[in-house]
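Structural description and commentary
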Amino acid sequence: MGERAIIVVATNVLLNLATPVVDGRSRAPTGEDPLRTVLTGYDVHVPSSVLGEVSEARGSDDLLSAAADLVFQASHHLTTHDVDADIEEPLDFGLDRGESHGIWLANELSAAMFVTDEFNTRNYLFVSLALDDRNILFTTPHILCVLTDHGLFTPQYVDAALTYYVETKQWDRQYVDQLRNTYLTE
Amino acid sequence: MDMMPEEKTRVDFNAPVSLVDQADVVADLLDVSRTQLLIEALRDEIEELATDDGFRQMISDAYYSGETDFETVESILGTEEAMRMKLFRASLNRDPPEPQIESELPPPAEFYDGDIPEWTPHDEADDTESRT
């Protein structure tokens, strides 16, 4: 067993990983805990602004708020960095704070992976441009597929989870289908 | 538009006589040539298709499977969307770092500070997420 790889994740990823875990509706996939799996398998770092954004999502009685509560309950598994104090010039790409700080941190730490779910928008282009190494860019659906490859999730769970996300979060169906074809079919 | 005149190619095709007659009447009325009318009609049709979800899906399927190239996607869906798809396609076989998990995950009670909250909608109408 080697050292856990250092990865940096965006706020939306933490919330998305937590969402199926807290969603008590029958449409939600069950049987696995993607948040616990990712936070256990990797050494996850975030800028402190990410925890700020998670806190802002709390306090309502909707699904997002419940997901934010769970992320908060797992926050001691995250290594946080006060990026504000270190950052010299903010990235000027119109990305939100957590995202910009995350990219900065991923570059700074030479992280093995930066995960964001901004893939429906032009922000995905900006994130690709802003990372020193574009090859470290991943998304939640991609990670779920890869972890299935490593035997950490059942293909049935991830298949159901991808459908759940596409339907509830309007994730780009075709991109997700491409991942399905690449990882979940033999 | 401030562009160099593009090279032209000659196209011959058969069409129902009545349709061609109709086109000629319209072209006459608009005081344009039959060729101009046809070119405009083709442009309009492609422009309209580009906003159609089903068609956009066909184009991206063709791109992901390698049947269509970047330039074609870019000319129809625009540079931004084409770039996004190019990055997606390049990312699909990317190898992320290996996760390190000793044997089993720590039990939830140990991992989470408190019980896992469970969210259920108050009533059927609540069965959608108000925020994303």
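Residues numbered from 1 in each chain as written. Chains lettered and ligands numbered in written order. Predicted model: local features only at pLDDT ≥ 70, side-chain atom pairs only at ≥ 80, totals over all residues.

What about helix H4 (residues 63–73) of chain A?
Residues and elements named next belong to chain A.
- H4 sits mainly inside the fold: 8 of its 11 residues count as buried.
- Turning to H4, its buried residues number three or more, namely Leu63, Ala66, Ala67, Ala68, Asp69, Leu70, Val71 and Phe72.
- In the core, the buried residues of H4 are packed alongside helix H1 (11–22), helix H2 (34–41) and helix H3 (48–57). (Buried ≥ 20, exposed ≤ 12 C-beta atoms within 10 Å, placed from the backbone. Helix = DSSP H or I, 4+ residues; strand = E, 2+ residues; numbered from the N terminus. Contact = placed C-beta atoms within 7 Å.)

A closer look at the nonpolar core
- Among the nonpolar cores identified, the biggest contains 70 residues, and A:Ala18, A:Leu70, A:Val71 and A:Phe114 are the most heavily contacted of them.
- Look past the residues within four positions of A:Ala18 in its chain and what remains in contact with it is A:Leu35, A:Ala67, A:Leu70 and A:Val71. (Core = buried A, V, L, I, M, F, W, Y, C linked by C-beta atoms within 7 Å.)

Digging into unusual backbone geometry
- Although it is not a glycine, A:Gln170 sits at a positive phi angle of roughly 55 degrees.
- Residue position: A:Gln170 is located in the loop between helix H9 (155–169) and helix H10 (173–184).
- Despite not being glycine, B:Asp31 shows a phi value in the positive range, around 60 degrees.
- Residue position: B:Asp31 is located in the loop between helix H1 (17–30) and helix H2 (34–50).
- The class of B:Asp31 is exposed, set by 7 C-beta atoms lying within 10 Å.

Some thoughts on the confidence of the model for chain A
- Mean pLDDT over chain A works out to 92, with 95% of the residues at or above the 70 mark.
- Taken element by element, chain A is modelled with least confidence in helix H5 (residues 83–86) of chain A, mean pLDDT 74, and with most confidence in strand S1 (residues 6–9) of chain A, mean pLDDT 98. (pLDDT = per-residue confidence, 0-100.)

Concerning the environment of A:Val127
Residue and element names in this part refer to chain A.
- Within the fold, valine 127 resides in helix H7 (residues 123–130).
- Taking the number of C-beta atoms within 10 Å as the measure of exposure, valine 127 has 26 and is therefore buried.
- Between the C-alpha atoms of valine 127 and leucine 137, which are 10 residues apart in sequence, the distance is 8.2 Å.
- Beyond its immediate sequence surroundings of up to four residues, valine 127 is in contact with Ile103, Thr116, Glu118 and Leu137.

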